[in-house]
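This is what each chain is made of:
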Amino acid sequence: MINQQLSGKEMFLPKSEIQSLIDLLRNDGFTVVGPTIDQEAIVYNEIASVDELPRGWTDRQEPGKYRLQKRGDDACFGFVVGPHSWKKYLFPPLTTVASAEKTEAGWQARTPEPDSTRFAFLGVRACELAAIGIQDRVFTEGTYVDPVYAARRRNAFIIAVNCTQAAPTCFCSSMNTGPRCTSGYDLALTELEDGFVIESGSKEGESLVAGLATQDLTSAQITKADSVRQQAVDQQTRHLDTEGIRDVLLTNLSHTRWEEIGDRCLGCTNCTMVCPTCFCSSVEEVADLSGETVERQRHWDSCFNLSFSYMSHGTTRDRISHRYRQWLTHKLASWHDQFDTSGCVGCGRCITWCPVGIDLTEEVAAIRGDGSASATGGAT
Amino acid sequence: MSTSAGKPKLGVFKFASCDGCQLSLLDAEDHLLDVLGLVDVTYFLEATSHIEDGPYDVALVEGSITTPHDQERIQDIRRQSSFLITIGACATAGGIQALRNWADCDDFIRTVYASPEYISSLATSTAIADHVQVDFELRGCPINQYQLIEVIQSLVAGRKPRTRTHSVCMDCKQRGNVCITVATGEPCLGPVTQSGCGAICPTYNRGCYGCYGPAKQIHAQSLTDHLIGEGAAPAHVVQLLRNFNSGAEPFRDESNRVEALT
């Protein structure tokens, strides 16, 4: 439903109209999901009211550390990204993909109908649009289409928000995924003090805007929107050099840095769980005690788990260093071979939410040997 | 698992423990009758005074070894059991009572008992696996009743039990929990602790106490270095590691290392 012929006209949406936007979507049958404060962080949950948005709050992030902080204003989207990503709605952590029941006539297998919930995601950042684009490739553009993801994705309505600030963990500029939202949305907002610049990215978005009390933009508002969006570019301090990154990593598989990072890495899976593109899962057959009904359950899994590479001869990657190397080389190198894109969008979640603050940009720089790290290992 | 006489015989045996793990079998309520349909319970003093002699196809062993009598009794149970499963942190790692391993047990006995000469106790509390071969260890303080049912069910069906070995972090993330250490600075053992409880404590805003013991291949020092670097007192970190699974080697060794720093 995105990228059709559109007027492309930007309008001004007064702040009070955000509630109308939520109401229109809800009346249209959408489950509106947006940022809200819960458990000392800004997370994504179902919302019904603008009051549930984290107005006046921001996040302070660094490797292994996240804190909420009061802003001096009442901005609705004055933060970057939290521990949740939209992945939890499009690719749920636990799904029953099939079931079977023992009857007198034998086993009766059944495939559940895909979830028909229509989600409207409010507040999708540019890096997250890129992540959804990557998961689209993984789940829907290969030989096998994932019906669970495809159904939820097809029904989703996306309201993007341009970042007006960057955290020290952000590096979307390096990954060429942001901070400006350029495609992949139905509507995009840029927050100003008294309202939003709103633009449509689809016919559905355009018709929704028609139901809102928008105004023509003033030249001052256009200038201000440009300036706050530029702020998100200017504030980015973290950098990942992607030049030839695939070959740099794949020709350094025996670099001493892998063992050093293997000693720091906890193998706890946090980075893969918070990553908006990591897509690994495992499937288990779960029977009831009578053994007469059985469900095939798919749950999120991680390449950091020992059991993940367990095969007939044993565990293939039986050291944490090997598992970290597998994750990083897949994410930044072999993902290109597999999906013709990097697997990283530069959102910085894996840096913030690593309990010991491991920073992939620092690790890549060390392996590249650009002087910012202590390791001196060579290629094999 | 099949036996010539029909259903497998199950014995439940207790050593030094609080009984909580055995109770989780009785707490199975809705599933209890189904479980009893899978096995013949022939020895389970917590549940019934009706006992039958061994041998047992399956022995569930709760508790740690703390007395000379325990040392002999576990050998006897092992001899009579085809498949021996330890249930809970006491049986698997020595339990909270393994804190005596850092103290003088005779001091405790003299302080607590009016006539210490009647007490026959070992200086240490140790895991069942330190004394006999254990076929399967079910972790937790207490164990998760659904995991216990799964283990019994899998044994009867002759398949591998679905008891996952990943960290507590993965359960937190799948529940949508925000990481308590990253977001508040509260120390949590989740990254180095094996799954099993479903991340109960972090779900209620408490750091993980490590009830299910160390996950496989953990780097406890990386976590403790980070916690101390972020301001946690080393003595607090030692207490965190010396809990229900203080006797588990990775927690024991790391607590000793951190203690030496204080």
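Residues numbered from 1 in each chain as written. Chains lettered and ligands numbered in written order. Predicted model: local features only at pLDDT ≥ 70, side-chain atom pairs only at ≥ 80, totals over all residues.

Undergrad: In this structure, what is going on with the overall build of chain A? I would like to understand it.
TA: Regarding its fold elements, chain A presents 13 helices and 15 strands. For chain A, the C-alpha radius of gyration of 22 Å lies close to 21 Å, the compact-globule estimate for 380 residues. Seen along its three principal axes, the alpha-carbon backbone of chain A occupies a region of about 70 × 65 × 40 Å. Counting all 380 residues of chain A, 43% fall into the buried class. Long-range pairs, those at least 24 residues apart, make up 71% of the contacts in chain A between residues at least 6 apart in sequence. (Helix = DSSP H or I, 4+ residues; strand = E, 2+ residues; numbered from the N terminus. Rg over C-alpha atoms; globule rule 2.2 N^0.38 Å. Buried ≥ 20, exposed ≤ 12 C-beta atoms within 10 Å, placed from the backbone. Contact = placed C-beta atoms within 7 Å.)

Undergrad: Looking at this structure, I do not really get the overall build of chain B. What am I missing?
TA: Looking only at helices and strands, chain B features 12 helices and 5 strands. Taking all 262 residues of chain B together, 48% fall into the buried category. In chain B, of all internal contacts separated by at least 6 residues, the share reaching a separation of at least 24 is 72%.

Undergrad: Mind showing me how you'd approach the nonpolar core here?
TA: Soluble globular proteins: nonpolar side chains tend toward being buried together. One finds Phe-121 and Ile-159 of chain A together with Val-61 of chain B to be the most contacted residues of the largest nonpolar core, which totals 162 residues. With 8 residues, the top contributor of residues to this core is helix α3 (residues 126-140) of chain A. Leaving out residues up to four positions away in the same chain, Ile-159 of chain A has contacts with Ala-120, Phe-121, Leu-122, Gly-123, Val-124, Tyr-185, Asp-186, Leu-187 and Leu-189 of chain A. (Core = buried A, V, L, I, M, F, W, Y, C linked by C-beta atoms within 7 Å.)

Undergrad: Even after reading the chapter, I still don't get the domain arrangement of chain B, so can you show me in this structure?
TA: It is common to report an interface's size as the accessible area lost on association of the parts. Residues and elements named next belong to chain B. Assigned domains within chain B: domain 1 (9-157) and domain 2 (168-261). Taking only C-alpha atoms into account, the centre of domain 1 sits 25 Å from that of domain 2. Taken residue by residue, the interface counts 17 residues in domain 1 and 13 residues in domain 2. A per-element tally of the side of domain 1 that touches domain 2 places helix α4 (residues 89-93) first, with 3 residues. Grouping the amino acids of the side of domain 1 that touches domain 2 by side-chain chemistry returns 7 nonpolar, 9 polar and 1 charged. (Domains from an automatic or database assignment. Nonpolar A, V, L, I, M, F, W, Y, C, P; charged D, E, K, R; others polar.)

Undergrad: Would you take a moment to explain the interface of chain A and chain B for this structure?
TA: Contacts between the two partners involve 37 residues from chain A and, on the opposite side, 29 residues from chain B. Broken down by secondary-structure element, the contributors of at least two residues to the side of chain A that touches chain B are β3 (41-46), β5 (65-70), α9 (256-264), α10 (270-274) and β13 (293-300) of chain A. Take the side of chain A that touches chain B: its biggest share by element is 3 residues, from α10 of chain A. Of the residues belonging to the side of chain A that touches chain B, the class tally is 18 nonpolar, 13 polar and 6 charged.

Undergrad: Teacher, can you tell me more about the sheet that holds strand β10 (residues 187-191) of chain A here?
TA: Working definition: the strands of a sheet are paired by backbone hydrogen bonds and lie parallel or antiparallel to each other. All names here are of chain A. Spatially, the 7 strands line up as an open sheet ordered β1-β11-β10-β9-β8-β2-β3, and their pairing is mixed. The sheet is open, and its two borders are formed by β1 (11-14) and β3, each paired with just one other strand. Neighbouring strand axes in the sheet, compared pairwise and without regard to direction, differ in orientation by 30 degrees on average. Bridge count for strand β8 (residues 119-124) against strand β9 (residues 157-161) is 4 bridges, and the pairing is parallel. The residue of β9 that forms the bridge with Ala-120 is Phe-157. (Pairing = 2+ DSSP bridges. Axes fitted to C-alpha atoms, helices over the stretch in contact; angles between N-to-C directions.)

Undergrad: What is the right way to look at the sheet that holds β13 of chain A in this model?
TA: Residue and element names in this part refer to chain A. Taken in spatial order, the 4 strands make up an open sheet running β7-β6-β13-β12, and their pairing is antiparallel. Edge positions in the open sheet fall to β7 (106-110) and β12 (281-287), since each of these has one partner strand only. Adjacent strand axes in the sheet meet at a mean angle of 20 degrees when their direction is disregarded.

Undergrad: What am I meant to see in the confidence of the model for chain A here?
TA: Fine structural detail should not be taken from predicted coordinates in areas where pLDDT scores are low. Taken residue by residue, chain A gives an average pLDDT of 94. The fraction at 70 or more is 95%. Below a pLDDT of 50 lies the segment residues 371-380 of chain A, which in the model reaches 21 contacts outside its immediate sequence neighbourhood of four places, other chains included. (pLDDT = per-residue confidence, 0-100.)

Undergrad: Hey, could you run me through helix α13 (residues 360-368) of chain A in this one?
TA: In an α-helix, one turn spans 3.6 residues, which is why side chains three or four residues apart end up on the same side. The element α13 of chain A is largely enclosed, with a buried count of 7 among its 9 residues. The first or second residue beyond α13 of chain A is Gly-369 of chain A, which carries a positive phi of 75 degrees.

Undergrad: What is the right way to look at the pairing of strand β1 (residues 9-14) of chain B in this model?
TA: Each regular strand shows side chains that alternate between the opposite faces of the sheet. Residue and element names in this part refer to chain B. Across the 6 residues of β1, 5 count as buried, placing the element largely inside the fold. In terms of strand pairing, β1 meets strand β2 (residues 40-44) through 4 bridges, oriented parallel. Bridge pairing in β2 places Gly-11 opposite Tyr-43.

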